[in-house]
Every structure is written in C-alpha cells, then in structure tokens.
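Residues per chain are reported as follows:
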Amino acid sequence: MDRDAAIALCREKCLKETTVRHLISVEGVMRSLARRFGENEDLWALTGLFHDLDQDHTGDDASNHARMAAEWLREAGVDERVINGVLAHAYAEYRTDRMSQAVVHADAVAGLLVAAALVRPERSAGMKVSSVKKKLKEKAFAPGVNRDEVTGVEDGIGLPLDEFIAVSIEGLQGVAKEIDL
Ligand SMILES: [Fe+2]
C-alpha cells in the first residue's frame, strides 16, 4: 500500500483529527528508527501509521483494540508484518522482532515529543535531547505517556536512550509540516 492510500485509510477510519496526527507522528518516528537500523523504512512507517487505526472505535472496549484494526488491514491487503506490528503495540505476544518491539517505544516517545513541541513556539524545530529528557523526568508533564516504554528502549531494541530520542526527534521533524509541529 502506498502512503497516499495509507493516509486515506487513516482519514476514513479515524473520527478525530488528533488521532490522525498521533498516527502520523508515530509514523515519522518509526521511519527514522528504520533508517537508523538499516531496516525497511516503508514497512516500519506503515506500522507506526496504522498502530492506533481503530482507536476512535474501540475507545471504551480496550479488549478489541488493535484487533479491529488488524481485521481492516487484512481486508485492505496490508502486509502481515505490519499487521503483526499493529497487534504488538497492544499485546506483548506479538512482539516477535525488532519492528514489533520498536512500535511500543515509538508510540510512547512520539506522545512525549508532540506534547513537548506543543509548548515550544518553534514547535519541533531545534528540539534538543536534553530538554526532552527533562520533560521525561517531569511526571506531571504529559502524564499519559508511559515513561517505562521510553526508558526501556535500550533493553527493547538495543538503542541507548539519548540516541533513541535524537532519532525520534528527527522522525517527528520529518512529518512536522503535515501535523503543524
Ligand atoms: Fe499510539
């Protein structure tokens, strides 16, 4: 599936613009991580883009989260590796390779980076690793972000935290225009 079709599917399935923006932010981070590892950028990007595709439909019924998205994606003929990655962000048993583990960390860090960008006049431009780490330690800042999923990145995919944040900032900057950040 090419990116235009993928974005169109997101716009069709998401009811809130904030959800679309979240998906695109995680897409950007995943693409940047794939580049860092020399992995398949488009596959990783699609996994990020689709990970919360059903968010606006399963909000109150968490047990169906990601499973509904997986069904839609299968119908749309999306690569099974992407579908596995989408399931992996919600269920540990699908975290079977680096991409399916990376999406957990990308999801968390993207939440932190977007929140951090929103309180800066320059948004994501010129964002520094040190200032993001400060926000990470401030428990009251973006309290919905799972800190363990950010700091666990070295155990998860073997990338030191500072480098992970740097690569993730680049990823967000890569999609920043599209999401006004
Ligand atoms: Fe997410």
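The numbers attached to residues start from 1 for each chain and follow its sequence in the written order. Whole-chain, interface and lining totals are the exception, using all residues; otherwise, since this is a predicted model, local features are given only for residues with pLDDT of at least 70 and side-chain atom pairs are given and counted only at 80 or more. With hydrogens and water stripped out, all remaining heavy atoms of the structure feed into the side-chain values.

A.B. asks: Any chance you could explain the coordination of the iron ion here in plain terms?
C.D. replies: Note on metal sites: the ideal angle is 109.5 degrees for four tetrahedral donors, and 90 or 180 degrees for six octahedral donors. Taken together, the protein donors to the iron ion comprise His22 (NE2), His51 (NE2), Asp52 (OD) and Asp107 (OD), at separations of 2.0 to 2.2 Å. Coordinating N, O and S atoms are those within 2.8 Å of the metal (3.2 Å for Na, K and Ca), and as water is not part of the atoms, a site may appear to have fewer donors than expected. Irregular is the default label, applied whenever a site is not tetrahedral (four donors, all angles between 85 and 135 degrees) and neither square planar nor octahedral (four or six donors, opposite donors over 155 degrees apart, all other angles between 65 and 115). The coordination sphere of the iron ion comprises four donor atoms, whose angles at the metal cover 89 to 168°; the geometry is irregular. In this scheme, a residue with accessible area under 20% of its type's maximum is buried, one over 50% is exposed, and one in between is partly exposed, where area comes from a 1.4 Å probe on protein chains only. What makes histidine 22 partly exposed here is its relative accessible area of 22%.

A.B. asks: Would you take a moment to explain the layout of surface pockets for this structure?
C.D. replies: Leftover empty space is mapped by rolling, across the atoms, a probe with the size of a water molecule. Of the two site types, the cavity is a set of points on a 1 Å grid over the protein atoms alone where a 1.4 Å probe fits but cannot get out, and the pocket is an open set with protein on both sides within 12 Å along at least five of seven lines, each lined by residues with an atom within 4 Å of a point. Grid points are joined across faces, edges and corners, and a volume is the space filled by probe spheres set on the points. The volume enclosed by the largest pocket comes to roughly 490 Å³. Helix and strand assignments come from DSSP, with helices taken as H or I runs of at least 4 residues and strands as E runs of at least 2, each series counted from the N terminus. When residues of the lining of the largest pocket are traced back to their parent elements, those giving at least two are α2 (17–37) and α7 (98–118). At seven residues, α7 tops the list of elements feeding residues into the lining of the largest pocket. Charged means Asp, Glu, Lys or Arg here, nonpolar means Ala, Val, Leu, Ile, Met, Phe, Trp, Tyr, Cys or Pro, and polar covers whatever is left, Gly included. Of the residues assigned to the lining of the largest pocket, the class counts are seven nonpolar, nine polar and four charged.

A.B. asks: Can you walk me through the packing of aromatic side chains in this structure?
C.D. replies: Geometry of an aromatic ring pair is reported as the spacing of the ring centres plus the angle between the planes. Pairing of aromatic rings covers Phe, Tyr and Trp, the last counted by its six-membered ring, and requires centre-to-centre distances within 6.5 Å; plane angles under 30 degrees mean stacked, over 60 mean edge-to-face, and any other angle means tilted. Taken as a whole and assessed by the stated rule, the structure comprises two aromatic pairs. Each ring, one from phenylalanine 37 and one from tryptophan 44, has its centre 6.1 Å from the other, and the planes form 35°; the classification is tilted. The pair formed by phenylalanine 37 and tryptophan 44 is uniform in burial state, with each residue classed as buried. A centroid spacing of 6.4 Å and a plane angle of 65° characterise the contact between tyrosine 91 and tyrosine 94, whose relative ring orientation is edge-to-face. For tyrosine 91, a relative accessible area of 14% translates into the label buried. In this scheme, Lys NZ or Arg CZ marks a charge over a ring once it lies within 6 Å of the ring centre and within 35 degrees of the ring normal. It is arginine 36 that lies over the ring of phenylalanine 37; its NZ or CZ is 5.3 Å from the centre. For arginine 67, the ring lying beneath its charged end belongs to tyrosine 91, and the centroid distance is 4.0 Å.

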